[in-house]
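Here are the chains, one letter per residue:
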Amino acid sequence: MNFSDATLARFAKEVAKYPADQKQSAVMACLAIVQHEQGHVSSEAEEAVAAYLGMPPIAVHEVTSFYNMYNQHAVGRFKLNVCTNLPCQLRNGQKALEQVCQRLGVEPYGTTADGRFTVQPCECLGACADAPVMLVNDREMLSFMTPERLDELLDTLQKAQG
Amino acid sequence: MAGTIDLSKFKAKGQETCFHGRHIAPQIYAGLDGSNWRLSDYVARGGYAALSKVLGKDGGSGLTPDEVIAEVKASGLRGRGGAGFPTGLKWSFMPRQFPGPKYLVCNSDEGEPGTCKDRDILRYNPHIVIEGMAIAAYAMGVKTAYNYIHGEIFEVYQRFEEALDEARAAGFLGEHVLGSDFSFQLHAHHGFGAYICGEETALLESIEGKKGQPRFKPPFPASFGLYGKPTTINNTETFAAVPWIIRNGGQAYLDCGKPNNGGTKIYSVVGDVNAPGNFEVPLGTPFPELLALAGGVKGGALKAVIPGGSSAPVLPAALMMDCTMDYDSIAKAGSMLGSGAVIVMNDSRCMVKSLLRLDYFYMHESCGQCTPCREGTGWLWRIVDRIEHGKGRLEDLELLDSVAGNIKGHTICALGDAAAMPVQAMLKHFRDEFMYHIEHKTCLVKQSA
């Protein structure tokens, strides 16, 4: 796999944060960039990142497989992570997950047949006073997701182009 | 990314959690409104004056590194991440004369369930962390630092990057800070979903580009830290407290708390309250007062509180209502102040169900390195799961106690203890509820949700 010049420029900005002999420190950021651009981290991408950073591919795979947020397989256009940890559970986080799954017709961790949505229960997102909370595509934190707001969100995402 | 789709209407604006005007004598959250996070706003609030003072760029003679550390020691500031270790003492452990690189790390990997205070600091007042870290770096002779930010709050990471660019452009970071001899560079590093990386040596491994598995201690980070070099790690809120201390003096900071518990503390009050949010109040504030700031209990009477993040032992209402919110009072009641996350539970809550969810979390987040934790957290979850689902046996209570006891103290890091303590505290204070579940195969309480 060859990365575009734009991607390589994003990688280089991360590598520059660390001592010259510690390029491996940028692996988490590089993998997050790959996921942002490609939707998931394939083994081909792991190998290419490994070559770029001068580290063994297995060391990259250790990172991909250790941290919860890396997608090791393709996911839907929208990955919805709904927090069900205790502080969210006390404010209907579990019900929020059930509502999303029911409306989209998927089991937790499942992807809809049209490839639009992947729904995952998740651990603490660190926004407990906004409960129930969810994360869209790793980057956008949505707060106070009452049944009405969840419906509105899913309407918005279902109607969205692309 | 959700790409071009605008989801901003679903995002928190901070009114509920931070700009509600219900802090008491705030220092870190003072004067914030969500739009005034930029460097110019921070300077207008008196920001970077402490750094100027330390470097002698305010017309004064400056402070020596020893004087900075002495001031922080005098303030009584204790680590806000969970352990409550005296910050000035920690800074004095750094071998300042060590030749070669030394590092400073900010732990913003805020993942302790219930905790969301650092997120608001970084979103709405990022420069206070940058200034606090610059002062700390000066005191310890450090030139390079990293802020490790929880991967799930990626938007906050991006904002912090923006704040760093502003600080570099204004000369608060980089070569010869404010024209002094002090040079300092600070970078942001994001996690990507691993509770364990909040443990400081796991966090260091993670910055090194590895799995976040905690290191055996000793050696401690002060002698063998990031890349094997002397390193000091403090929590976000700890660094954020430093500029105020330097501007106003350690004694003034100590005076606004109570003895051995100086300063303000930000509590995330979450769960069954009418107005969940972050509240910055002086240490030693009575718990009933904090509860009132969060609008009081929602949906019933107060049943229990987990006072310091999910790893802290639960306390029943009666014990909790007598506590003041500081390290010593909560410890005396048998729990810990931890990260300052206050998880409130009303009397409709089933403690078996609540513990089940926490046990699943610790099983899921155990890094797998130590057998007692890797296997034991699974045991705990399976036993509580069968009690919850009407398949428990009376001897399961002894078994739970025994498994928890065999995890505690037998692992490299504190995640094992964090998994064991909630179990033991639940059995201590709410044993009847577990027994009822086993004998009647149903809840003692009627659940509201």
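Fair warning: this is a prediction, and the values are worked out from it, not measured in the lab. (Residues numbered from 1 in each chain as written. Chains lettered and ligands numbered in written order. Predicted model: local features only at pLDDT ≥ 70, side-chain atom pairs only at ≥ 80, totals over all residues. Heavy atoms only, no water.)

**Structural notes on the overall build of chain B**
The line we're drawing: Secondary structure is summarised from DSSP: a helix means a run of H or I of at least four residues, a strand means a run of E of at least two, and numbering begins at the N terminus for each. Our radius of gyration is a C-alpha quantity, and the globule rule it is checked against amounts to 2.2 Å times the number of residues to the power 0.38. Here, two residues are considered to be in contact whenever any of their heavy atoms come within 4.5 Å of each other. Note on areas: Shrake-Rupley with a 1.4 Å probe; residue coverage comes only from the protein chains shown.
A count of helices and strands for chain B gives 17 helices and eleven strands. The C-alpha radius of gyration computed for chain B amounts to 22 Å, which stays within 12% of the reference 22 Å derived for 449 residues, consistent with globular compactness. On the principal axes, the C-alpha backbone points of chain B span a range of 75 × 55 × 45 Å. Considering only residue pairs separated by 6 or more positions, chain B has 70% of its internal contacts joining residues 24 or more positions apart. With an accessible surface of roughly 15,300 Å², chain B has 55% of that area assigned to carbon and sulfur atoms.

**Looking at the overall build of chain A**
Applied cut-off: Under this rule, positive means Lys or Arg and negative means Asp or Glu; His and the chain ends count for nothing. A charge is said to be at NZ when it belongs to Lys, at CZ for Arg, at CG for Asp and at CD for Glu.
Along chain A, the regular secondary structure elements total seven helices and four strands. With the principal axes as the frame, chain A shows a C-alpha extent of 50 × 30 × 25 Å. Within chain A, contacts between residues separated by at least 24 positions form 59% of all contacts whose residues are at least 6 apart in sequence. Summed over all atoms, the accessible surface of chain A reaches about 6,500 Å², with 51% contributed by carbon and sulfur. Looking at chain A, you have 13 positive and 19 negative side-chain charges, and the mean spots of the two groups are 6 Å apart.

**Description of the sheet that holds strand β6 (residues 277–282) of chain B**
All names here are of chain B. Stated precisely, the cut-off is as follows: DSSP calls a pair of strands paired once it identifies at least 2 bridges connecting them. Every axis in this analysis is a line fitted to C-alpha atoms, fitted for helices over the stretch in contact. Angles between the N-to-C directions lie between 0 and 180 degrees.
Strand order in the open sheet formed by five strands is β6-β5-β11-β8-β9, with mixed pairing between adjacent strands. Each edge of the open sheet carries a strand with a single partner, namely β6 and β9 (315–316). Note that strand β5 (residues 264–271) and strand β11 (residues 341–346) share four bridges and pair parallel. From the neighbouring strand, Gly 271 faces β11, where its bridge partner is Val 344. On top of the sheet, helix α5 (residues 117–124) reaches β5 and β6; it is set at about 115 degrees to β5, its chief contact.

**Let's talk about the interface of chain A and chain B**
To keep it simple, the criterion reads: Reported buried area values correspond to the accessible surface (1.4 Å probe) lost by two parts on association, with both partners' losses combined. In the sections that follow, a salt bridge refers to a side-chain nitrogen of Lys or Arg positioned within 4 Å of a carboxyl oxygen of Asp or Glu. Any N or O atom pair separated by 3.5 Å or less is treated as a polar contact, with the protein-specific requirement of one donor-capable and one acceptor-capable atom, and with residues adjacent in sequence counted only for side-chain atom pairs.
On the chain B side, the residues contacting the 59 residues of chain A number 73 residues. Carbon and sulfur atoms make up 58% of the surface buried where chain A meets chain B, a total of about 5,500 Å² over both sides. One can count six salt bridges joining chain A with chain B. Across the pair Lys 11 of chain B and Glu 140 of chain A runs a salt bridge whose closest N-O atoms are separated by 2.6 Å. Counting the contacts that link chain A with chain B gives 28 residue pairs in polar contact (both at pLDDT 80 or more). Contributions of two or more residues to the side of chain A that touches chain B are made by α2 (27–38), α4 (57–66), α5 (86–89), β3 (134–136), β4 (140–142) and α7 (147–159) of chain A.

**Brief notes about the pairing of strand β4 (residues 231–235) of chain B**
Counted only if it meets this: Only protein chains enter the accessibility calculation, which uses a 1.4 Å probe; a residue is then buried when its area is under 20% of its type maximum, exposed when over 50%, and partly exposed in between.
Within β4 of chain B, five of the five residues are buried, which leaves the element mostly enclosed by the surrounding structure. Alternating residues of β4 of chain B divide into Thr 231, Ile 233 and Asn 235 of chain B and Thr 232 and Asn 234 of chain B, and every residue in both groups is buried.

**Some words on the packing of helix α15 (residues 371–388) of chain B against helix α17 (residues 415–440) of chain B**
Residue and element names in this part refer to chain B. Convention followed: Angles below 35 degrees are treated as roughly parallel, those above 145 as roughly antiparallel, those between 65 and 115 as roughly perpendicular, and all remaining angles as oblique. Left-handed describes a crossing in which the near helix is turned anticlockwise from the far one by less than a right angle; the clockwise case is right-handed. Nonpolar residues are Ala, Val, Leu, Ile, Met, Phe, Trp, Tyr, Cys and Pro. Charged residues are Asp, Glu, Lys and Arg, and all others, Gly as well, are polar.
For the pair α15 and α17, interaxial distance at closest approach is 12 Å and the crossing angle is 20 degrees. As the angle between them shows, α15 and α17 are arranged roughly parallel. Between α15 and α17 the crossing geometry is left-handed. Counted together, Cys 373, Thr 377, Leu 380, Ile 387 and Glu 388 of α15 and Leu 415, Gly 416, Ala 419, Val 423, Phe 434, His 437 and Ile 438 of α17 form the full contact between these two elements. Looking at side-chain class alone, the contact of α15 with α17 contains eight nonpolar, three polar and one charged residues.

**Overview of the packing of aromatic side chains**
The condition that has to hold: Any Phe, Tyr or Trp ring, taking Trp's six-membered ring, that has another such ring centre within 6.5 Å forms a pair; planes under 30 degrees apart are called stacked, those over 60 apart edge-to-face, and the others tilted. A ring is scored as having a charge over it whenever the NZ atom of a lysine or the CZ atom of an arginine sits within 6 Å of its centre and within 35 degrees of its normal.
If you walk through the whole model with that rule in mind, you get 21 aromatic pairs over all chains. Their ring planes at 35 degrees and their centres at 6.3 Å tell us that Tyr 103 of chain B and Tyr 146 of chain B sit as a pair that is tilted. Of this pair, Tyr 103 of chain B sits in strand β1 (residues 103–108) while Tyr 146 of chain B sits in strand β2 (residues 144–149), placing them 43 residues apart in sequence. In this structure an aromatic cluster arises from ring pairing among Tyr 18 of chain A together with Tyr 103, Tyr 146 and Tyr 227 of chain B. A cation sits over an aromatic face here: Lys 265 of chain B above Tyr 267 of chain B, 5.7 Å from the ring centre.

**Looking at the confidence of the model for chain B**
Regions with low pLDDT should not have their predicted coordinates read in detail. Inclusion rule: By definition, pLDDT measures how confident the predictor is in each residue, and it falls between 0 and 100.
Overall, the prediction assigns chain B a mean pLDDT of 96, with 99% of residues at 70 or greater. Taken together, the chains of this predicted complex give a pTM of 0.97 and an interface ipTM of 0.97.

**Some details on the domain arrangement of chain A**
By a widespread convention, an interface's size corresponds to the accessible area lost as its parts come together. To be explicit about the condition: For each domain, the first and last residues come from an automatic or database assignment.
Here chain A is described as being made up of domain 1 (5–66) and domain 2 (78–159). The centre of domain 1 of chain A, based on its C-alpha atoms, is set 28 Å off from the matching centre of domain 2 of chain A.

**Let's talk about the sheet that holds β1 of chain B**
Residue and element names in this part refer to chain B. The parallel open sheet is built from four strands, whose spatial order is β3-β2-β1-β4. At either end of the open sheet lies a strand with only one pairing partner, and these are β3 (185–190) and β4. On average, each strand axis in the sheet is tilted by 20 degrees relative to the strand beside it, whichever way the strands run. Relative to β4, β1 runs parallel, the two being bridged by five bridges. Within β4, the position partnered with Cys 106 by the bridge is Asn 234.

**Observations concerning the pairing of β2 of chain B**
Residue and element names in this part refer to chain B. Counting buried residues in β2 gives five out of six residues, a clear majority hidden from the surface. The sheet contact formed by β1 and β2 spans six bridges and is parallel. Bridging from a neighbouring strand, Leu 104 pairs with Ala 145 of β2. Bridge analysis of β2 against β3 gives six bridges, and the strand direction is parallel. Paired with Ile 149 across the strands is His 190, a residue of β3.

**Comments concerning the nonpolar core**
Put simply, the rule is: What makes a nonpolar core is a set of buried Ala, Val, Leu, Ile, Met, Phe, Trp, Tyr and Cys residues whose side-chain atoms join them at distances within 4.5 Å.
Ranked by internal contacts, the top residues of the largest apolar core, which has 158 residues, are Tyr 67 of chain A together with Trp 91, Val 129 and Phe 184 of chain B. Mapped onto the domain boundaries, this core takes at least three residues apiece from domain 1 (5–66) and domain 2 (78–159) of chain A. Non-local contacts of Tyr 67 of chain A, meaning those with residues more than four positions away in its chain, are made with Met 28 of chain A together with Tyr 148, Phe 192, Gly 193, Ala 194, Cys 197, Ser 206, Lys 210, Lys 211 and Gly 212 of chain B. With 24 residues, the next largest nonpolar core counts Leu 283, Val 305, Leu 315 and Ile 330 of chain B among its residues.

**Considering unusual backbone geometry**
The amide bond that connects Ala 131 of chain A to the next residue, Pro 132 of chain A, takes the cis arrangement and shows omega of -5 degrees. Between Lys 217 of chain B and Pro 218 of chain B the backbone carries a cis peptide bond, its omega angle lying at -5 degrees. Secondary-structure assignment places Pro 218 of chain B in the loop between α8 (200–207) and β4. One non-glycine residue, Asp 138 of chain A, lies in the positive phi region at around 70 degrees.

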